[in-house]
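The primary structure of each chain is shown beneath.
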Amino acid sequence: MLEIDLLSPVPVYEQILLQIRAAITGGELALGASLPPIRQLASDLEVNPATVAKAYQILEKDGIIRTAGRRGTFVHTEAGSNLRDSLVKDASGEMRDLVRKWTGRGLERRDLKGIFEMAMKHEGKRETA
Amino acid sequence: MRLLIESILYGLQIVSVFLVAGPVMARAERQRSLSRNPGWAAANREFLLSHRQPSMSPLTAVALVLLALLAAAGLLGSPLAVFAVHGPIFALGVAGVYAFYWKQERDLRKRIPGDTVQRADLSLRTLSRFLGPWSRVPLIALASTALAVNVGGAFMGTMQTGRCLGNLAYLGLFAGLISYALSQSLRRPAYRTSGETDSQGRTFELRIILAVGYMMAAVALYHALGSLGSNPLLPMPPSLLHAKLEGGRFSWSHFLAAAPYRAIDYAATVFLIAVGAWIAGSPFYRKVLAVDFTKAPRPSEI
């Protein structure tokens, strides 16, 4: 089930695509499963069909879903690995921005590396706890 | 005597549609309008209390007018007048009342702001998701048999071509209407009361439409069998369309008096009475009508 908060600072199309990704990762949507048509989802969410279309376009570009014309839209059979690739790509982009930001403020790269390793250790402890 | 029995039967049909099923459906649509934003409705208590129930006056007024017309037609002793009330005037009454409540609910929904949180199911809505194959396959078989009897009869020369074309025109029209109704029920936005209610609501709607489809397919097959051979077992009188296609004469008095037509008419009337009772007694509608919006229920609570 998708739940969209229209007052959220996160754009609606991004909420849609993030939740579809989460549904695939969480097993709610199986590989190869059908997705609702753009008009049906837009009508149910009371949003513009162009908003849903944008989310679907991004997901298709990332290889998470595939559209087969009149036959409909389906979760890509390679969605699992494509999701990982897409997450790696997003994370890499954010990491590069972070490195640029903090080196721009005067931190050394070795400082950043140390901070990153500490953060990984801290998250690892949190998970095992 | 026949007119008296018919008047009682048609009167029950009017009561079932306008006074039994009609109020239930009108109230359920009002609940659906209010569920557009339950939090807002509860916060605007005055608005909620003044719009909690739709007016039943249109339903009552149309029912009383139809019953009065039916009584008058019966007293006149005119089968054509009785048919006019039971057929086209009844249909106009249904259309008029539907249009009234549709507009009223549409105007009300414009006054209620949309909920800031919207929900949607991520699965594809298909007929097979709501109705099992054993409810659908026999309908397709029935309609296909009607089609085969018509085409086969015309091909073998046991059915007049004009009669075949008329039957196929009706069959095509009914198939089109049922297909359209089924697709609209699948496509319409979800009931916002809850996902469970939406699924139940859609299943119930689809079952009603399918039941009407079975009725129409049975009538089409009955028509087809009643059009075969020079001495058919159940000779169907030509309808107005058939008469035009066959180039024959059409007589209302002959058509209305013919036993096969009467059988279809009575069956359809009893069917409508039963559907009215089915709707009024449906657990889905009872669940929808039980929701109290003064308490701002969350969808998961319904």
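The text that follows walks through the structure, step by step, so that each part is easy to find. (Residues numbered from 1 in each chain as written. Chains lettered and ligands numbered in written order. Predicted model: local features only at pLDDT ≥ 70, side-chain atom pairs only at ≥ 80, totals over all residues. Heavy atoms only, no water.)

**Re the packing of aromatic side chains**
Turning to step 1, where the next piece is worked out: All chains considered together, the criterion is met by 8 aromatic pairs over all chains.
Turning to step 2, where the next piece is worked out: Centre to centre, the rings of Phe18(B) and Phe90(B) are 5.7 Å apart; their planes meet at 80°, and the pair counts as edge-to-face. One end of the pair, Phe18(B), is in helix α1 (residues 2-34); the other, Phe90(B), is in helix α5 (residues 79-111), with 72 residues separating them in the sequence. The pair formed by Phe18(B) and Phe90(B) is uniform in burial state, with each residue classed as buried.
Turning to step 3, where the next piece is worked out: Here a set of aromatic residues connected by ring pairs shows up, and it is made of Phe204(B), Trp278(B), Phe284(B) and Tyr285(B).
Turning to step 4, where the next piece is worked out: Here the basic side chain of Lys54(A) rests over the ring of Tyr13(A), its NZ or CZ set 4.2 Å away from the ring centre. (Phe/Tyr/Trp six-rings, centres within 6.5 Å; stacked < 30°, edge-to-face > 60°. Helix = DSSP H or I, 4+ residues; strand = E, 2+ residues; numbered from the N terminus. Buried < 20%, exposed > 50% of the residue type's maximum accessible area, 1.4 Å probe, protein only. Lys NZ or Arg CZ within 6 Å of the ring centre and 35° of its normal.)

**Looking at the environment of Val288(B)**
Turning to step 1, where the next piece is worked out: Structurally, Val288(B) can be placed in helix α13 (residues 283-290).
Turning to step 2, where the next piece is worked out: Along the chain, Val288(B) and Val24(B) lie 264 residues apart, while their C-alpha atoms are 10.0 Å from each other.

**Comments concerning the interface of chain A and chain B**
Turning to step 1, where the next piece is worked out: Each side of the interface is counted separately: chain A has 21 residues, and chain B has 17 residues.
Turning to step 2, where the next piece is worked out: Between chain A and chain B the total buried area reaches about 1700 Å² when both faces are included, carbon and sulfur atoms providing 55% of it.
Turning to step 3, where the next piece is worked out: Taken as a group, Met1(A), Asp44(A) and Glu46(A) account for 33% of the area that chain A buries against chain B, more than any other trio of residues on that side.
Turning to step 4, where the next piece is worked out: Our count for the contact surface shared by chain A and chain B stands at 3 salt bridges.
Turning to step 5, where the next piece is worked out: Across the pair Asp44(A) and Arg125(B) runs a salt bridge, and its minimum N-O distance is 2.8 Å.
Turning to step 6, where the next piece is worked out: Here chain A and chain B share 6 residue pairs in polar contact (both at pLDDT 80 or more) between them.
Turning to step 7, where the next piece is worked out: Taken together, the elements giving at least two residues each to the side of chain A that touches chain B come down to β1 (2-5), α1 (12-25), β2 (34-35) and α2 (38-45) of chain A.
Turning to step 8, where the next piece is worked out: Broken down by element, the side of chain A that touches chain B gets its largest block of residues, 5 residues, from α2(A).
Turning to step 9, where the next piece is worked out: For the side of chain A that touches chain B, the residue count by class is 13 nonpolar, 3 polar and 5 charged. (Contact = heavy atoms within 4.5 Å. Buried area = accessible area lost by both parts, 1.4 Å probe. Salt bridge = Lys/Arg side-chain N within 4 Å of Asp/Glu carboxyl O. Polar contact = N/O pair within 3.5 Å; in protein donor to acceptor, adjacent residues only side chain to side chain. Nonpolar A, V, L, I, M, F, W, Y, C, P; charged D, E, K, R; others polar.)

**Examining the nonpolar core**
Turning to step 1, where the next piece is worked out: Grouped together as the largest cluster of nonpolar side chains are 25 residues, with contacts concentrated most on Ile16(A), Ile20(A), Ile24(A), Leu29(A) and Leu45(A).
Turning to step 2, where the next piece is worked out: Every element with two or more residues in this core is listed here: β1, α1, α2, α3 (49-61) and α4 (79-104) of chain A.
Turning to step 3, where the next piece is worked out: Here the element with the most residues in this core is α1(A); it accounts for 6 residues.
Turning to step 4, where the next piece is worked out: Non-local contacts of Leu29(A), meaning those with residues more than four positions away in its chain, are made with Ile20(A), Ala23(A), Ile24(A), Ser34(A), Leu35(A), Val75(A) and Leu122(B).
Turning to step 5, where the next piece is worked out: Within the second largest apolar cluster, 18 residues are counted, among which are Tyr10(B), Phe18(B), Ala26(B) and Leu59(B). (Core = buried A, V, L, I, M, F, W, Y, C linked by side-chain atoms within 4.5 Å.)

**Overview of a nonpolar patch on the surface**
Residue and element names in this part refer to chain A.
Turning to step 1, where the next piece is worked out: There is a patch of nonpolar side chains on the surface, built from Met95, Leu98, Trp102, Phe116 and Met120 and spanning about 470 Å² of accessible area.
Turning to step 2, where the next piece is worked out: Those elements that place two or more of their residues in the nonpolar patch are α4 and α5 (109-128).
Turning to step 3, where the next piece is worked out: Looking at which element gives the most residues to the nonpolar patch, the answer is α4, with 3 residues.
Turning to step 4, where the next piece is worked out: Residue position: Met95 is located in helix α4. (Patch = residues over 30% accessible without salt bridge, like charges linked within 9 Å, V, L, I, M, F, W, Y side chains within 5 Å. Areas by Shrake-Rupley, 256 points an atom, 1.4 Å probe, with all protein chains shown as cover.)

**Describing the pairing of strand β1 (residues 117-120) of chain B**
Consecutive side chains along a regular strand alternate between the two faces of the sheet.
Turning to step 1, where the next piece is worked out: Side-chain alternation along β1(B) places Gln118(B) and Ala120(B) on a buried face and Val117(B) and Arg119(B) on a face that remains uncovered.
Turning to step 2, where the next piece is worked out: Here β1(A) runs beside β1(B); their pairing, made up of 4 bridges, is antiparallel. Across the sheet, Glu3(A) pairs through a bridge with Arg119(B), a residue of β1(B). (Pairing = 2+ DSSP bridges.)

**Observations concerning the sheet that holds β2(A)**
Paired through their backbone hydrogen bonds, the strands of a sheet run either parallel or antiparallel.
Residue and element names in this part refer to chain A.
Turning to step 1, where the next piece is worked out: On the basis of which strands lie adjacent, the open sheet formed by 3 strands has the order β2-β4-β3 and antiparallel pairing. Strand pairing shows two members of the sheet lacking a second neighbour, β2 and β3 (65-67), which therefore form its edges.
Turning to step 2, where the next piece is worked out: Inspection of the sheet shows β2 paired to strand β4 (residues 73-75) by 2 bridges, in the antiparallel sense. Residue Leu35 lies in a different strand from β4, and its bridge partner there is Thr73.
Turning to step 3, where the next piece is worked out: Packed onto the sheet, α3 meets β2, β3 and β4 and runs at close to 110° relative to β3. (Axes fitted to C-alpha atoms, helices over the stretch in contact; angles between N-to-C directions.)

**Concerning the environment of Ala84(B)**
Residue and element names in this part refer to chain B.
Turning to step 1, where the next piece is worked out: Topologically, Ala84 is positioned in helix α5.
Turning to step 2, where the next piece is worked out: Classification of Ala84 by relative accessible area gives partly exposed; the value is 25%.
Turning to step 3, where the next piece is worked out: Not counting residues within four places of it along the chain, the set of residues in contact with Ala84 comprises Ile89 and Phe90.

**Section: unusual backbone geometry**
In terms of backbone geometry, most residues other than glycine have negative phi values and most peptide bonds are trans.
Residue and element names in this part refer to chain A.
Turning to step 1, where the next piece is worked out: Look at Glu46: it is not a glycine, yet its phi comes out positive at around 55°.
Turning to step 2, where the next piece is worked out: Locating Glu46 in the fold gives a position in the loop between α2 and α3.
Turning to step 3, where the next piece is worked out: Judged by its relative accessible area of 36%, Glu46 is partly exposed.

**Re the pattern of salt bridges**
Residues and elements named next belong to chain B.
Turning to step 1, where the next piece is worked out: Evaluated as defined, the whole model comprises 16 salt bridges over all chains.
Turning to step 2, where the next piece is worked out: Between Arg30 and Glu105 there is a salt bridge, with its nearest N and O atoms 2.9 Å apart. In this pair, Arg30 is assigned in helix α1 and Glu105 in helix α5, connecting sequence segments 75 residues apart. This pair shows no difference in class: Arg30 is buried, exactly as Glu105 is.
Turning to step 3, where the next piece is worked out: Across the salt bridge formed by Asp107 and Lys103, the nearest N and O atoms sit 2.8 Å from each other. With a gap of 4 residues between them, Asp107 and Lys103 both fall in helix α5, about one helical turn apart.
Turning to step 4, where the next piece is worked out: Classification of Asp107 as partly exposed rests on a relative accessible area of 27%.

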